[in-house]
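Analysis of the macromolecular model
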Amino acid sequence: MKDQLAKWCDEFLLAAKGFLLASRKKSFWPPFILTFLIFGTLINLLSNGFSSFGLIGINLKSGNFLGALNVIKSAFLAIFGVNKSFSDWLLNFCLIFLQSSLIALVFFVAKHNKKTNEGLESSAIVAGLVVLGSGCPTCGTTLLAPVIGTILSGASGAISLAGKISFLLNVLAIILAILVFKKLGFSAYAIIKSEEYMKKKEVTHE
């Protein structure tokens, strides 16, 4: 058991090194930044259920484009903790950062290895779990509460139960993200070290 744990930790350390090495490549940052900003904004919009989208729709229908932009702007700024409690911000930020890292690693590894469907599918699962759990316990749980309330025939404990479920989904998302990160980061490490070896070999032959 100790040997397996030590092996897993060693592989995770190599995966972290792979992530750091990949982050030095210019090709790493476009998918990371796009995912971080777009996914982060979406998660913050969903933290209030679909009311934010409804407000955007109302503003657009009335021709108040500035009002719609302000809603999106608030969600965007929330990525960096503006008008959010620290606990809610920290959890969402970790999830957004992990998801962005996974997508960036998927694109990086995809440039060298076409067999990345599993990593992409796993990243999509993580994103799905984060979206479902985006109504974290202190965010109103407005995504899950109506569904649970319907199942439980409007039971008064629906909101409380939704909060617990959304928290568990976020925890599950983090665990899955770490496992996928380990796999993709390790692949990135192997790719980069292989490239470095081939370059040294070419220089030696010259």
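Described in the following lines is the structure provided in the data block. (Residues numbered from 1 in each chain as written. Predicted model: local features only at pLDDT ≥ 70, side-chain atom pairs only at ≥ 80, totals over all residues. Heavy atoms only, no water.)

As a further point, take the environment of Asn 59. Within the fold, Asn 59 resides in helix 3 (residues 51–61). The class for Asn 59 is buried, based on a relative accessible area of 11%. Filtering out sequence-adjacent residues up to four positions away, Asn 59 remains in contact with Asn 64, Phe 65, Gly 67, Ala 68 and Val 71. (Helix = DSSP H or I, 4+ residues; strand = E, 2+ residues; numbered from the N terminus. Buried < 20%, exposed > 50% of the residue type's maximum accessible area, 1.4 Å probe, protein only. Contact = heavy atoms within 4.5 Å.)

Attention shifts here to the packing of helix 2 (residues 29–46) against helix 4 (residues 65–78). Where helix 2 contacts helix 4, the two axes come as close as 8 Å, and the packing angle between them is 110°. If you check the angle between helix 2 and helix 4, you find them roughly perpendicular. Contact residues: Leu 37, Thr 41, Asn 44 and Leu 45 in helix 2; Val 71, Ile 72, Ala 75, Phe 76 and Ala 78 in helix 4. Looking at side-chain class alone, the contact of helix 2 with helix 4 contains seven nonpolar, two polar and no charged residues. (Axes fitted to C-alpha atoms, helices over the stretch in contact; angles between N-to-C directions. Parallel < 35°, antiparallel > 145°, perpendicular 65-115°, else oblique. Nonpolar A, V, L, I, M, F, W, Y, C, P; charged D, E, K, R; others polar.)

Let us look at a nonpolar patch on the surface. A grouping of Trp 29, Ile 33, Leu 34, Leu 37, Ile 38, Phe 76, Phe 80 and Val 82 is seen on the molecular surface, where their side chains present a nonpolar patch of about 720 Å² in accessible area. Assignment of secondary structure puts Leu 37 in helix 2. Take Leu 37: its relative accessible area is 30%, and that puts it in the partly exposed class. (Patch = residues over 30% accessible without salt bridge, like charges linked within 9 Å, V, L, I, M, F, W, Y side chains within 5 Å. Areas by Shrake-Rupley, 256 points an atom, 1.4 Å probe, with all protein chains shown as cover. Salt bridge = Lys/Arg side-chain N within 4 Å of Asp/Glu carboxyl O.)

It is worth spelling out the packing of aromatic side chains at this point. Here the distance between the centres and the angle between the planes together describe a pair of aromatic rings. Per the stated rule, a full pass over the model turns up 16 aromatic pairs. Look at Phe 28 and Phe 32: their rings are 5.8 Å apart centre to centre, the planes differ by 25°, and that puts the pair in the stacked class. A single burial state applies to Phe 28 and to Phe 32, both of which are buried. Both rings, one in Phe 36 and one in Phe 80, keep their centres 6.3 Å apart while their planes meet at 50°; by these two values the pair is tilted. With Phe 36 in helix 2 and Phe 80 in the loop between helix 4 and helix 5 (86–110), the pair connects residues that are 44 residues apart, well separated along the chain. Taking relative accessible area as the criterion, Phe 80 reaches 47% and is therefore assigned partly exposed. (Phe/Tyr/Trp six-rings, centres within 6.5 Å; stacked < 30°, edge-to-face > 60°.)

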